[in-house]
Amino acid sequence: MRNLGPALARAVVCVPARNEAQVLPHLLRSLNGQQGAGPQARLRVLVLANNGTDDMLDVVERMRGDGEIANLDLRVVEATLPREVAHVGTARRMALDAGAAWLVEDGVTDGVLLSTDADAVAPPNWVMANLRALDKAELVGGRLIIDEEGQTGDAGLAALHATIERYWAGVRRIEDTLDPPPHDPAPRHGDHVAASLALGADLYVAVGGLPPLACGEDNALVSAVRLHGGRVRHCPEVSITVSARRAGRVEGGMATEMARRARVLSDGDAYCLPPARHWQALVERRRAWRRAWWAGTPAAFRAAGLSPEDIAAAQVEVCVNDIAFVERLEARIGDSGLPAFRDVPLDAALAGIDDLLAALHAPVEALSA
């Protein structure tokens, strides 16, 4: 095996990229500057370049030739995907599969796959922080920091980002109050998307790899890990900067969300989200299911509102823990059985979270202040 640093020797960063000549160099430079990386301890980076028409590959080769990325063991895999599957899900699956194969090729037995995007920028501790967090989890999601691409004058958009983040922080506090996950303690963020995911290569293979979906492939992988009983950690020490660009490659992806937020300011669109009572009902149901799994009796399952058909479908006998049990039930039952609540405007949603947390006797600073 090559002479690598003891931590970086386990890792490979996997990046799907198509026509990213403008942004990929920023990611590569940030990976070149990772803690522990050097000419004698190069970080593996695999770029899956698919269906490109710009000069991205030439730009990368110039960077390599100029010594800009001497701390990287960079492998570029070119692919031309058929039109019907030429989307990020297929490309990311291919990148992660190739990364896993590279680790096997190098004889790494405890390898780690890290997923990110071509338009992301990683802080110097990104790889090391992921590796440390994996000591107590099977999958680690990194917090997304939105890069406004120099649009520092758009104070309204920055304020909207902050308000939405306060909403989701409130949702996590509801969970921490009613059913705190022992493997994902506060403080934590709520992001587990493809721009920053880390998991063991063996687990990746065991769950069948990343589902090659046109959108939502990252959430599908997280669900597969949970179905396998895996602990998902939202470690506050792991973060990555992501683009705020509004013209994206995926309908329903990050760019779609950024465009939605921009319309709130430009067109006065309402930004609506589920009310606090929705999250209370969801968390309380999960808590009841977890307790039923731990009790393991027909009476406990009935008390949790589960039918014999639900239990049979969840295959409780093969669930390795309550994480797998709850994930199987949610895949089967979804929102059915929960009270129906309509989404409400953001300010009302924040006020409702404040009120609920106060009623639950949780210490809370006014989220909507």
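Trainee: Tell me about the environment of alanine 214, and name the residues and values.
Mentor: The residue alanine 214 is located in the loop between helix 6 (201–206) and helix 7 (217–227) in this model. As for alanine 214 and alanine 295, which are separated by 81 residues in sequence, their C-alpha atoms are 40 Å apart.

Trainee: I'd like a description of the nonpolar core, backed by residues and values.
Mentor: Residues Val13, Leu24, Leu28, Leu31, Leu43, Val45 and Trp126 are the most contacted members of the largest nonpolar core, which totals 42 residues. Counting residues per element, the ones that place at least two in this core are strand 1 (11–17), helix 1 (24–32), strand 2 (43–50), helix 2 (56–65), strand 3 (72–79), strand 4 (112–115), helix 4 (126–133) and strand 9 (239–243). Considering every element that reaches this core, the biggest residue donor is helix 4, with 6 residues. Beyond its immediate stretch of four places on either side in the chain, valine 13 contacts Leu31, Leu43, Arg44, Val45, Leu46, Leu114, Thr116, Trp126 and Val127.

Trainee: If you had to explain helix 5 (residues 155–178) to someone new, which residues and values would you point to?
Mentor: Between its terminal C-alpha atoms helix 5 stretches 35 Å, which fits the 34 Å expected from 24 residues at 1.5 Å a residue. Of all the positions in helix 5, only Leu157, Leu160, His161, Thr163, Ile164, Tyr167, Gly170, Val171, Arg172, Ile174, Glu175 and Leu178 are classed as buried. Structurally, helix 5 contributes buried residues whose contacts are with strand 6 (143–147), helix 8 (254–266), strand 10 (272–273), helix 9 (276–295) and helix 13 (346–359).

Trainee: Report on the pattern of salt bridges, specifying residues and quantitative values.
Mentor: Counted by the stated rule, this structure contains 21 salt bridges. For aspartate 310, the salt bridge identified is with arginine 332, shortest N-O distance 2.7 Å. Linking aspartate 310 in helix 11 (residues 308–314) with arginine 332 in helix 12 (residues 322–333), this pair joins segments that are 22 residues apart in sequence. By relative accessible area, which is 10% here, aspartate 310 ends up buried. The class for arginine 332 is partly exposed, based on a relative accessible area of 44%.

Trainee: Can you lay out the pairing of strand 7 (residues 197–200) for me, pointing to particular residues and giving the numbers?
Mentor: In this structure, strand 4 lies alongside strand 7, joined through 4 bridges in antiparallel fashion. Paired with leucine 113 across the bridge in strand 7 is leucine 199.

Trainee: Describe the environment of leucine 28, and please don't skip the residues or the numbers.
Mentor: Mapped onto the secondary structure, leucine 28 falls in helix 1. For the pair leucine 28 and glutamate 257, spaced 229 residues apart in the sequence, the C-alpha separation amounts to 25 Å. Sequence-distant contacts of leucine 28, defined by excluding residues within four places in its chain, comprise Val45, Val60, Met63, Ile69, Leu72 and Leu74.

Trainee: Which residues make up the sheet that holds strand 3, and what values go with them?
Mentor: The strands making up a sheet are joined through hydrogen bonds of the backbone, oriented either antiparallel or parallel. Here 7 strands make up an open sheet; going across it, the order is 3-2-1-4-7-5-8 and the pairing mixed. With one partner strand each, in any of the chains shown, strand 3 and strand 8 (232–233) form the two edges of the open sheet. The strands touched by helix 4 within the sheet are strand 1, strand 2, strand 4, strand 5 (139–141) and strand 7, with strand 4 carrying the most contacts at an inclination of about 130 degrees.

Trainee: Hey, could you go over the packing of aromatic side chains for me, with residue numbers and the actual values?
Mentor: Under the definition given, this model contains 4 aromatic pairs. For the ring pair tryptophan 168 and tryptophan 279, a centre distance of 5.6 Å and an interplane angle of 70 degrees mean the geometry is edge-to-face. Of this pair, tryptophan 168 sits in helix 5 while tryptophan 279 sits in helix 9; the two residues are 111 residues apart in sequence, bridging distant segments of the chain. Taking 5.9 Å as the distance between ring centres and 45 degrees as the angle between the ring planes, the aromatic pair formed by phenylalanine 301 and phenylalanine 325 counts as tilted. With phenylalanine 301 in helix 10 (residues 298–303) and phenylalanine 325 in helix 12, this pair connects stretches of sequence that are 24 residues apart. Given a relative accessible area of 0%, phenylalanine 325 falls into the buried group. Against the face of tryptophan 102 rests arginine 75, its NZ or CZ located 4.1 Å from the ring centre. If you follow arginine 260 out to its NZ or CZ, it ends over the ring of tyrosine 271, 3.7 Å from the centre.

Trainee: Residues and numbers for unusual backbone geometry, please.
Mentor: Omega for the bond connecting alanine 186 with proline 187 falls within 30 degrees of zero, at 0 degrees, which places this linkage in the cis form. Following the sequence through the fold, proline 187 ends up in the loop between helix 5 and strand 7. One non-glycine residue, asparagine 51, lies in positive phi territory at about 50 degrees. Note that asparagine 51 resides in the loop between strand 2 and helix 2. You will see that glutamine 315, though not glycine, has its phi angle at about 50 degrees, which is positive. Following the sequence through the fold, glutamine 315 ends up in the loop between helix 11 and helix 12. Using a relative accessible area of 35% as the deciding quantity, one classes glutamine 315 as partly exposed.

What counts, and at which threshold
- Residues numbered from 1 in each chain as written.
- Predicted model: local features only at pLDDT ≥ 70, side-chain atom pairs only at ≥ 80, totals over all residues.
- Heavy atoms only, no water.
- Helix = DSSP H or I, 4+ residues; strand = E, 2+ residues; numbered from the N terminus.
- Core = buried A, V, L, I, M, F, W, Y, C linked by side-chain atoms within 4.5 Å.
- Buried < 20%, exposed > 50% of the residue type's maximum accessible area, 1.4 Å probe, protein only.
- Contact = heavy atoms within 4.5 Å.
- Expected span 1.5 Å × (residues − 1).
- Salt bridge = Lys/Arg side-chain N within 4 Å of Asp/Glu carboxyl O.
- Pairing = 2+ DSSP bridges.
- Axes fitted to C-alpha atoms, helices over the stretch in contact; angles between N-to-C directions.
- Phe/Tyr/Trp six-rings, centres within 6.5 Å; stacked < 30°, edge-to-face > 60°.
- Lys NZ or Arg CZ within 6 Å of the ring centre and 35° of its normal.

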